[in-house]
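Here are the chains, one letter per residue:
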Amino acid sequence: MPSVKKPKYGDVSYWDLLHIATIWARLPFALVWTYARNLLFNRGNLVRANGRHLVRWANERYTVPELQYLLPTSVEAYKRWAQTNNLPIILEELVDDTVIMWIGPKRTDKVVLYIPGGAFWAPLLDYSLSFWQYVQKELHKKDCDVGFAILAYSLVPEATFPTQLRQAMLGVEHLLATGLHPSNLHLVSDSAGGNVLLSLFSHILHPLDGLRSMMPLSAPIRSAYLMSPWVRLRSESPSFKADPPDDLLSAANEVDYSSKYLAGVMDNQQPYAEPDSAPESWFDGLDSVVERVLMTAGEKELFRDDIIHFSNRLCKTKSNFSFVIQEGGTHNDPMFDFFLQLPHDQLGSLTSQIVDWLAKGIRSTA
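Because the structure is a prediction, the values reported are computed rather than measured. Throughout this document, residue positions are counted from 1 along each chain, in the order its sequence is written. Residue-level local features of this predicted model are given only where pLDDT is at least 70; pairs of side-chain atoms are given and counted only at 80 or more, and the full residue set underlies all totals for whole chains, interfaces and linings. The basis for every side-chain value is the complete set of non-hydrogen atoms in the structure, without hydrogens or water.

(A) Layout of the packing of aromatic side chains. Two aromatic rings from Phe, Tyr or Trp, using only the six-membered ring of Trp, form a pair when their centres are within 6.5 Å; if the ring planes differ by under 30 degrees the pair is stacked, by over 60 it is edge-to-face, and anything between is tilted. Tallying each qualifying case throughout the model produces 14 aromatic pairs. Judged by centre distance (3.5 Å) and plane angle (0 degrees), the ring pair of Phe 120 and Tyr 261 falls under stacked. Separated by 141 residues along the polypeptide, Phe 120 in the loop between strand E3 (111-115) and helix H5 (126-141) and Tyr 261 in helix H9 (residues 251-262) bring together distant segments of the chain. The classification of residues rests on relative accessible area computed with a 1.4 Å probe and restricted to protein chains. Under 20% of the type maximum is buried, over 50% is exposed, and intermediate values are partly exposed. In this structure Tyr 261 comes out as buried when scored by relative accessible area, which is 2%. Centroid distance Tyr 272 to Trp 282: 5.2 Å. Interplanar angle 85 degrees. Geometry classified as edge-to-face. Of this pair, Tyr 272 sits in helix H10 (residues 270-273) while Trp 282 sits in the loop between H10 and strand E7 (290-298); the two residues are ten residues apart in sequence, bridging distant segments of the chain. A helix here means a DSSP run of H or I that spans at least four residues, while a strand means a run of E at least two residues long, and both kinds are numbered starting from the N terminus.

Following this line, the structure appears as structure tokens:
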């Protein structure tokens, strides 16, 4: 019996390459159409509107393997970005293909660990690094100096659940093993990274069968921030069905992405892979894991109603929980400003709120 070929990251055929070429050929026409339409009908920021619509246009045309083929891996993206910004390249390769990467010098006294999003298939993107570097610099202005680390985890199709959960656990354990106290650890995430972070909290509260328990915490982790977290992978919410045209993501994209990640998820694993499907009392006791939680969503994003629904669950826990909906915002709106390379005086209002919230948590453990 012939062996079944295992899918590989960024594996494309000649037909895929031809398809990529046809998309590039259509791009100039898409640019002209997008700019003309927004100039006539969009009353908001023209740069933001053009950027959102062009990203969505591309997402709706490329397949996942094609995009992986075109984009550098997370580690390569980090190396290029660090070189461009004249920063040292500091990599820590852990077991199970887990990698910790540092923005600037490594620290073991106070650390922010970023778990990136990307629908479980997309590698780390340089503009998200630029966003967190900006946050780090703004925290420095507030006398809140912290080390910023990034978790590089494995992606589909080569790795599905619970690989990402296991790697997140390894990353957190590695930082704590350096002597970092949990009260000086702040976990930040976006989109699918928020899903991974919530699956880690689920595993700490309810150890998943077949996966070793996480090392006991000597105290709760100080902070957790979830930007536009992907909490319902098979959504039926009104905002998802409406498929808001101003968002970066389309409903069709997310159905495709979620099916790839959930392909091997068993019934008993569902609450870990899809947090909003967990039993009502699932996150009771979250205050023993993390002291304070901030979750944000964009007013015009696809996931808005799912995130609001999940916020109503987290607010019932004893953790210090805050929830913000950014007016006019879309998915991962604060980071998208850095994709557009907007001047810092034109950044959305949510960015300063994130900085202030992190600073409050960092100061309280000084």
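Having seen the structure, we can now continue with the description.
(B) Seen up close, unusual backbone geometry. Here Val 156 and Pro 157 are connected by a cis peptide whose omega angle stands at 10 degrees. Relative to the helices and strands, Pro 157 is located in the loop between strand E4 (147-152) and helix H6 (163-177). Here Phe 161 and Pro 162 are connected by a cis peptide whose omega angle stands at 5 degrees. Relative to the assigned elements, Pro 162 resides in the loop between E4 and H6. Located in the positive-phi region is Ser 228, a residue other than glycine, with phi close to 45 degrees. Note on placement: Ser 228 falls in the loop between strand E6 (221-227) and helix H8 (238-242). Look at Ser 228 and you get buried, because its relative accessible area is 2%.

(C) Structural context of the UniProt feature "domain: Alpha/beta hydrolase fold-3" (unreviewed entry) in the protein chain. UniProt positions are given in the numbering used here, feature names are shortened, and annotations may be inferred rather than shown by experiment. In the numbering used here, UniProt assigns the feature "domain: Alpha/beta hydrolase fold-3" (unreviewed entry) to residues 113-332. Secondary structure across residues 113-332 comprises 35% helix and 17% strand; the distance between its end C-alpha atoms is 17 Å.

(D) Here's a closer look at the domain arrangement of the protein chain. Looking at the assigned domains, one finds that the protein chain contains domain 1 (1-70) and domain 2 (72-364). Where each domain starts and ends comes from a domain assignment, either automatic or drawn from a database. With centres defined by C-alpha atoms, the gap from domain 1 to domain 2 works out at 25 Å. Each side of the interface is counted separately: domain 1 has 17 residues, and domain 2 has 31 residues. Note: buried area is the sum, over both parts, of the accessible area (probe 1.4 Å) each one loses when the two are combined. Contact between domain 1 and domain 2 buries roughly 1900 Å² in total, counting both sides, with carbon and sulfur atoms accounting for 55%. In what follows, residue pairs with any heavy atoms lying within 4.5 Å of each other are defined as contacts.

(E) Up close: helix H7 (residues 192-205). If you check H7, its first and last C-alpha atoms are 20 Å apart, about what 14 residues at 1.5 Å a residue would give, namely 20 Å. For H7, every residue scored as buried is listed here: Ala 192, Gly 193, Gly 194, Asn 195, Val 196, Leu 197, Leu 198, Ser 199, Leu 200, Phe 201, Ser 202 and His 203. Given the number of residues in a helix, its expected span is that number minus one, multiplied by 1.5 Å.

(F) Main features of the nonpolar core. Nine residue types can take part in a nonpolar core, namely buried Ala, Val, Leu, Ile, Met, Phe, Trp, Tyr and Cys, and a core is a set of them joined through side-chain atoms within 4.5 Å. Ranked by internal contacts, the top residues of the largest apolar core, which has 75 residues, are Leu 113, Leu 185 and Phe 201. Structurally, this core is a two-domain feature, drawing no fewer than three residues from each of domain 1 (1-70) and domain 2 (72-364). Ignoring anything within four residues of it in the chain, the contact list for Leu 113 reads Ile 100, Ala 149, Ile 150, Leu 151, Val 172, Leu 175, Leu 185, His 186, Leu 187 and Val 188.

(G) Inspection of the pairing of strand E5 (residues 185-190) at higher detail. For E5, the tally of buried residues reaches six of six residues, placing the bulk of the element in the interior. Here E5 shows no split at all, with Leu 185, Leu 187 and Ser 189 on one side and His 186, Val 188 and Asp 190 on the other all buried. On the question of chirality, the crossover connecting E5 to the parallel E6 by way of H7 is right-handed. Looking down the strands as they point away from you, a crossover is right-handed if its path from the first strand over the helix to the second goes clockwise.

(H) Main features of the packing of H6 against H7. At a minimum axis distance of 9 Å, the contact between H6 and H7 shows a crossing angle of 80 degrees. By the angle between their directions, the pair H6 and H7 is classed as roughly perpendicular. Contact residues: Gln 164, Leu 165, Ala 168, Met 169 and Val 172 in H6; Val 196, Ser 199, Leu 200 and His 203 in H7. Axis definition: a line fitted to C-alpha atoms, over the contacting stretch in the case of helices. Angles run 0 to 180 degrees between N-to-C directions. When an angle is under 35 degrees it counts as roughly parallel; over 145 it counts as roughly antiparallel; between 65 and 115 it counts as roughly perpendicular; any other value is oblique.

(I) Layout of a nonpolar patch on the surface. Note that patches include only residues with greater than 30% relative accessible area and no salt bridge, and the join distances are 9 Å for like charges and 5 Å for nonpolar side chains (Val, Leu, Ile, Met, Phe, Trp, Tyr). For accessible areas, the Shrake-Rupley method is used with a probe of radius 1.4 Å. Any residue's cover is judged against the shown protein chains and nothing else. For this analysis, a salt bridge means a side-chain nitrogen from Lys or Arg found within 4 Å of a carboxyl oxygen belonging to Asp or Glu. Where nonpolar side chains cluster on the molecular surface, the patch consists of Tyr 14, Leu 17, Trp 24, Tyr 69 and Leu 70 and spans about 590 Å² of accessible area. Elements supplying a minimum of two residues to the nonpolar patch: helix H1 (14-41) and helix H3 (64-70). For the nonpolar patch, the leading source of residues is H1, giving three residues. Among the structural elements, Tyr 69 can be located in helix H3. On the basis of relative accessibility, which here comes to 45%, the residue Tyr 69 falls in the partly exposed class.

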